[in-house]
Amino acid sequence: RLEVVGPHLIIQLQDREELRLLYRSEYEEIQLNDWIALDEKDQLVRVVPSKRDPLFASADKKALLNEWAVFLRRVHQFLDKKGFLELQTPSLVKCPGTEPALDVFSTDLKKGGHSEKYFLPTSPEIHLKKALSMGFQQVYEVAKCYRNNEITNLHQPEFWMLEWYRSFANIFDLQKDLVQFFYFLCDEQGLSRPDIQCWTIHQLFKKYLDFELTPQTTLEEYRNLAIQHQLHVTDTLTLDDYFFLLMMEKVEPQLPQDSLVFVEKYPPFQAALARKDHQGWADRFEIYWKGMELANGFDELNDPVEQRKRAIEDLEKREGRTPIQLDEEFFQALESGMPPSCGVAVGLERVFMALKGISQIQKVRLFPLES
């Protein structure tokens, strides 16, 4: 490694024989991996002694992380050009999100003689929606998010999430945004633009499970369907559990790998923070590409009464996990009038992996956590 500092050349010594040829034996005290330099009198000096073998990043890792940095700049460039305002929301929050299946990171925020429980956010969603209620109309954030107990080839406890929201727009506007977003990134990478496919959950269950799913399908019907397809079931599984089991084991593996696939119209118990349509389906979608779920879009729920009801139901489903309190400021924001809006959450590492043909998220990170 070479670095020019003023008139001096500083190097980390990696070839002792080369040193001997240049400076003979009087520099015997200098060891391999020491940082050395020439002083003003052209004398060799040891700048930093090495205590152990150096931690070198491979050329491939350096090149990939350079591409990752360029990718992040392109993400900002796309949204800035579309007129979105970048916001920064807190990394310590009263409510990290109420999703029943997510484990969270908590800490104690000390205020003088007492402390309050705070969390690392699982998503910036709650605060970005507060911003919508304050009058911001097109906003985005590239945020560090945190989800405990998630280390796989597709998960890290700390990861990058892109979220953007449009006020006075519908879910079709959002889907157009996303197609443009992925096409822009493909163009920047010199890749062919993928075909677009759109499927409802009803269509996928019919195609791959030969089952007529409805918004009213019962837990017993989900259970029988799982048994029919030889999936392992127990008496403790919930509606959500059966749905995820069928999707992850029987549906998602069969989705086209090379197409950008929009999966729409989820069962009502999967509505989360989305509105429901007149038939009872949750008006939301997920995007799959290269065998990975990359994005989750919503026609956002803005009814404070219904939102509180769902949040309380989520907290009840979290039995056995870290207790969470609702963010009352969020509900006050909804009560003040959050306009009709749509929004999406995009896992940026996964998008980069899809663009680069990478199968392990650890390869995208300089300091990954291993399972």
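Placed above this text is the structure.
What comes next is a walk through the structure. What you see is a predicted model, and the numbers here were worked out from it, not measured in a lab.

Calculation rules
- The residue numbering used here restarts from 1 in each chain and proceeds along that chain's sequence as written.
- Reporting of local features is limited, given that this is a predicted model, to residues whose pLDDT is at least 70; pairs of side-chain atoms are given and counted only at 80 or more, and all residues count toward the totals for whole chains, interfaces and linings.
- Here the side-chain values reflect all heavy atoms present in the structure, with hydrogen atoms and water set aside.
- In this analysis, axes come from line fits to C-alpha atoms, helices being fitted only over the stretch in contact, and the angle between any two N-to-C directions falls in the range 0 to 180 degrees.
- Secondary structure elements are defined from DSSP: runs of H or I of at least 4 residues count as helices, runs of E of at least 2 residues count as strands, and each element is numbered from the N terminus.
- Geometric relationships in this document are graded by angle, where less than 35 degrees denotes roughly parallel, more than 145 denotes roughly antiparallel, 65 to 115 denotes roughly perpendicular, and other angles denote oblique.
- It is the rotation of the near helix from the far one that decides the hand of a crossing: anticlockwise by less than a right angle makes it left-handed, clockwise makes it right-handed.
- The contact rule is simple, with two residues in contact once any of their heavy atoms fall within 4.5 Å.
- Side-chain classes are defined by residue name, with Ala, Val, Leu, Ile, Met, Phe, Trp, Tyr, Cys and Pro counting as nonpolar, Asp, Glu, Lys and Arg as charged, and the others, Gly among them, as polar.
- Using a 1.4 Å probe on the protein chains alone, a residue whose accessible area is under 20% of its type maximum counts as buried, one over 50% counts as exposed, and one in between counts as partly exposed.

## Here's the deal with the packing of helix α3 (residues 125–133) against helix α9 (residues 328–337)
(1) Moving on: Running from N to C, α3 and α9 cross one another at 30 degrees; their axes reach a closest spacing of 9 Å. One element, α3, and the other, α9, form an angle in the roughly parallel class. Regarding α3 and α9, the two cross each other, and that crossing is left-handed. Facing α3, whose interface residues are Ile126, Lys129, Lys130 and Ser133, α9 presents Glu329, Phe330, Ala333, Leu334, Ser336 and Gly337.
(2) Moving on: Residue composition of the contact of α3 with α9, grouped by class: four nonpolar, three polar and three charged.

## A word on the packing of helix α2 (residues 59–81) against helix α4 (residues 171–189)
(1) Moving on: Remark: α2 packs on α4, axes separated minimally by 11 Å, with the N-to-C direction vectors making an angle of 140 degrees. It follows that α2 is oblique to α4 by the angle criterion. Remark: the crossing between α2 and α4 carries right-handed chirality. For the pair α2 and α4, the contacting residues are Phe71, Arg74, Val75, Gln77 and Phe78 in the first and Asp177, Gln180, Phe181, Phe184, Leu185 and Glu188 in the second.
(2) Moving on: Classifying every residue of the contact of α2 with α4 gives six nonpolar, two polar and three charged.

## What about the environment of Phe84?
(1) Moving on: Relative to the elements of secondary structure, Phe84 occurs in the loop between α2 and β5 (85–86).
(2) Moving on: Assessed through its relative accessible area of 5%, Phe84 is described here as buried.
(3) Moving on: Sequence separation between Phe84 and Arg166 is 82 residues, and the spatial gap between their C-alpha atoms is 8.6 Å.
(4) Moving on: Residues within four places of Phe84 in sequence aside, it is in contact with Leu79, Gln138, Val139, Tyr140, Trp164, Tyr165, Arg166 and Asp177.

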